[in-house]
Amino acid sequence: GNSGVRLYLSSWQPYAHNNIIEGNGGAGIGMLSGVGRSFLGNSLYGNGAPGIDLGLDGPTANDAGDLDSGPNFLNNTPVLLTAVSNGTVTVVSGQVQVSALALGVARVEFYASGGTGGQGQRYLGSTLVTPVAGTASFNVNNLAGVLDGEWVTATVTLLGDFPGTSEFSNAL
């Protein structure tokens, strides 16, 4: 199937922000090549492949060190450890691992979806982390509430020397 938004090295659009991208046969946002593309605050759901697909080859596994060649440097996804909601407020903890060379701040965005992963329908909020030696933990306690039957996912967008947004995290 086709992606809702497909980006190539020659694409002039360096970002996709605050869009609704749903119901595509392929990925919501598919990125075949290039770096420095950020995807923030989008609603990605009901697509036939991951909401964000770096490389157009399905979910990309996290790896140690994370300095890869490929779309957006194939940035690792956040790893969610806990997600608890009372319907009004959601608390999420986890960690991000980026290249130790990626100095600066990273933005972790959180989403809720009816599906079990790979997409993010409803934006819940974000936090900024500063990885030290490539790793940062987070515990965010002021996110919007999650409804019964929804799952929490996240993306990380590096804002420093190796910019770009990851694919979606594991779902809790």
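Report follows, based on the coordinates.

Calculation criteria
- Residues numbered from 1 in each chain as written.
- Predicted model: local features only at pLDDT ≥ 70, side-chain atom pairs only at ≥ 80, totals over all residues.
- Heavy atoms only, no water.
- Helix = DSSP H or I, 4+ residues; strand = E, 2+ residues; numbered from the N terminus.
- Contact = heavy atoms within 4.5 Å.
- Areas by Shrake-Rupley, 256 points an atom, 1.4 Å probe, with all protein chains shown as cover.
- Phe/Tyr/Trp six-rings, centres within 6.5 Å; stacked < 30°, edge-to-face > 60°.
- Buried < 20%, exposed > 50% of the residue type's maximum accessible area, 1.4 Å probe, protein only.
- Pairing = 2+ DSSP bridges.
- Axes fitted to C-alpha atoms, helices over the stretch in contact; angles between N-to-C directions.
- Core = buried A, V, L, I, M, F, W, Y, C linked by side-chain atoms within 4.5 Å.
- 1 Å grid on protein atoms, 1.4 Å probe; cavity = no way out; pocket = protein on both sides within 12 Å on 5 of 7 lines; lining within 4 Å.
- Points joined across faces, edges and corners; volume = space filled by probe spheres on them.
- Nonpolar A, V, L, I, M, F, W, Y, C, P; charged D, E, K, R; others polar.
- Polar contact = N/O pair within 3.5 Å; in protein donor to acceptor, adjacent residues only side chain to side chain.

This next bit is on the overall build of the chain. Scanning the chain from terminus to terminus reveals 0 helices and 14 strands. In the chain, the order of α-helices and β-strands from amino to carboxyl end is β-β-β-β-β-β-β-β-β-β-β-β-β-β. In terms of overall dimensions, the chain has a C-alpha envelope of 45 × 40 × 25 Å along the principal axes. Contacts spanning at least 24 positions in sequence make up 62% of the contacts within the chain whose residues lie at least 6 apart. When the accessible area of the chain is evaluated, it comes to approximately 7600 Å², of which 54% is carbon and sulfur surface.

By the definition in use, this model includes 3 aromatic pairs. Taking 5.5 Å as the distance between ring centres and 80° as the angle between the ring planes, the aromatic pair formed by Y111 and F168 counts as edge-to-face. Separated by 57 residues along the polypeptide, Y111 in strand 10 (residues 106-113) and F168 in the segment after strand 14 (164-165) bring together distant segments of the chain. Residues Y111 and F168 agree in their burial class; the two are buried.

The sheet built from 3 strands is open, its strands ordered 8-9-12 with antiparallel pairing. Each of the sheet's edge strands pairs with one partner strand only, and the pair in question is strand 8 (79-85) and strand 12 (135-144). Here the strands of the sheet are splayed against their neighbours by 10° on average, with no regard to which way each runs. Relative to strand 9 (residues 89-97), strand 8 is paired through 6 bridges, and the arrangement is antiparallel. Residue pairing across strands places A83 opposite V92, the latter belonging to strand 9.

Moving on to the nonpolar core. Generally speaking, nonpolar side chains in soluble globular proteins are found buried as a group. In terms of nonpolar packing, the biggest core is built from 22 residues, with V108, F110 and F138 touching the most fellow members. Among the elements of the structure, strand 9, strand 10, strand 11 (122-129), strand 12 and strand 13 (151-158) are those that each provide at least two residues to this core. Counting residues in each nonpolar core, the second largest holds 11 residues, with M31, L44, L54 and F168 among its members.

Under the defined criterion, the tally for this structure stands at 1 cavity of 30 Å³ or more. Roughly 40 Å³ of internal volume is contained in the largest cavity. Lining the largest cavity, in full, are A102, L103, G104, V105, P131, L158, L159, G160, D161 and F162. For the lining of the largest cavity, a count of residues per class yields 7 nonpolar, 2 polar and 1 charged.

Note on placement: T165 falls in strand 14. Here F39 takes part through its backbone nitrogen, which lies 2.9 Å from a polar atom of the side chain of T165. A polar side-chain atom of T165 sits 2.7 Å from a polar atom in the side chain of T157.

Looking at where G36 falls in the secondary structure, it is placed in the loop between strand 4 (29-31) and strand 5 (38-40). Placed 128 residues apart in sequence, G36 and G164 show a C-alpha to C-alpha distance of 4.4 Å.

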